[in-house]
Amino acid sequence: MAAGYKKPLIMLVLLLFTIILVLLNLVKTVISPIWRLIMGARVPIVVRTPEERFKGLERLGYTFKPNYLSIDGGCGVELPRVHYLDEGPRDGSVILCLHGEPAWSFLYRKMIPHLVSSGYRVIVPDFIGFGKSDKYTSPANYTHEMHCFVLRKLVDHLQLSQLTLVCQDWGG
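As the structure is a computational prediction, the values presented were derived from the model and not from experiment.

Chemist: Please explain the packing of aromatic side chains as it appears in this structure.
Modeler: One pass over the structure, following the stated rule, counts six aromatic pairs. A centroid spacing of 5.5 Å and a plane angle of 85° characterise the contact between tyrosine 62 and phenylalanine 64, whose relative ring orientation is edge-to-face. On the accessibility criterion, tyrosine 62 (4% relative accessible area) is buried. Three or more aromatic residues joined by ring pairs form one cluster here, namely Phe54, Tyr62, Phe64, Trp104 and Phe106.

Chemist: Explain the nonpolar core here, please?
Modeler: Note that soluble globular proteins tend to have their nonpolar side chains buried in a common cluster. Core analysis: the biggest nonpolar cluster contains 33 residues, and Tyr62, Trp104, Ile112, Val124 and Val150 have the highest contact counts within it. At the level of elements, strand 5 (82–87), strand 6 (94–98), helix 2 (111–117), strand 7 (121–126) and helix 3 (144–157) are the ones that each hand at least two residues to this core. If near-sequence neighbours (up to four positions away) are discounted, tyrosine 62 is found in contact with Leu57, His83, Leu85, Trp104, Ser105, Phe106, Arg109 and Lys132.

Chemist: Just checking my understanding: could you explain the sheet that holds strand 6 for this structure?
Modeler: Here five strands make up an open sheet; going across it, the order is 2-5-7-6-9 and the pairing mixed. Sheet topology places strand 2 (67–69) and strand 9 (163–167) at the edges, where each strand pairs with a single neighbour. Adjacent strand axes in the sheet meet at a mean angle of 25°, parallel and antiparallel pairs treated alike. Here strand 6 pairs with strand 9 via five bridges, running parallel. Each bridged residue has a counterpart across the sheet, and for valine 94 the counterpart in strand 9 is leucine 163.

Cut-offs and rules
- Residues numbered from 1 in each chain as written.
- Predicted model: local features only at pLDDT ≥ 70, side-chain atom pairs only at ≥ 80, totals over all residues.
- Heavy atoms only, no water.
- Phe/Tyr/Trp six-rings, centres within 6.5 Å; stacked < 30°, edge-to-face > 60°.
- Buried < 20%, exposed > 50% of the residue type's maximum accessible area, 1.4 Å probe, protein only.
- Core = buried A, V, L, I, M, F, W, Y, C linked by side-chain atoms within 4.5 Å.
- Helix = DSSP H or I, 4+ residues; strand = E, 2+ residues; numbered from the N terminus.
- Contact = heavy atoms within 4.5 Å.
- Pairing = 2+ DSSP bridges.
- Axes fitted to C-alpha atoms, helices over the stretch in contact; angles between N-to-C directions.

Purely geometric stuff here, so don't read any function into it on its own.
Below, the structure written as C-alpha cells:
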C-alpha cells in the first residue's frame, strides 16, 4: 500500500519545486527591476577619476592616446563617458580587446604594440566603472544590459564590422 503513495508524493514534490522556480523567476524578472527603479537614485551620481591619477603610467608601457565617447542613452539620459584606446592603422583588421574585473585597458598595454606593429587596428575600451571611464557611485546602476549597450554604441560609433574579439574574464 505504501508503494502506491510514492508516485503521487513524487508528483507533489515536483509540482512544488516547479512552483518555487516560477516564483523565483518572477522575482528576478519582474519584482527586482521594479524594486531597483523605486529604491534607486532618480539621477545616478557619476564620478570621474582625475587625469593626474594616471600620471606615470608611461613608465609601465601605457603610452597610448586616450579617446572618450559620451553616449546618449535616449530620453534625455546621457550615460557616463567611456574611455577607449584606438591604436594602429584605420584600415587594418580590427582586434577588439575586452577586459574583465577588476582590470581596465592597462591590462593590454604589452599586447597592443605587437598587434599594431603587425598591422592591426586595436580597440580597447574601459567598461563603465573601470580605468579612465566614468564611474557610477551606486552598484545598483551597473547592469549587464548597460555594459552591453555601451559596448554596442562604441562599436557603432567606430563603425566596426569585421573584428576579432580578445576577451579576459567576464569581458567576454
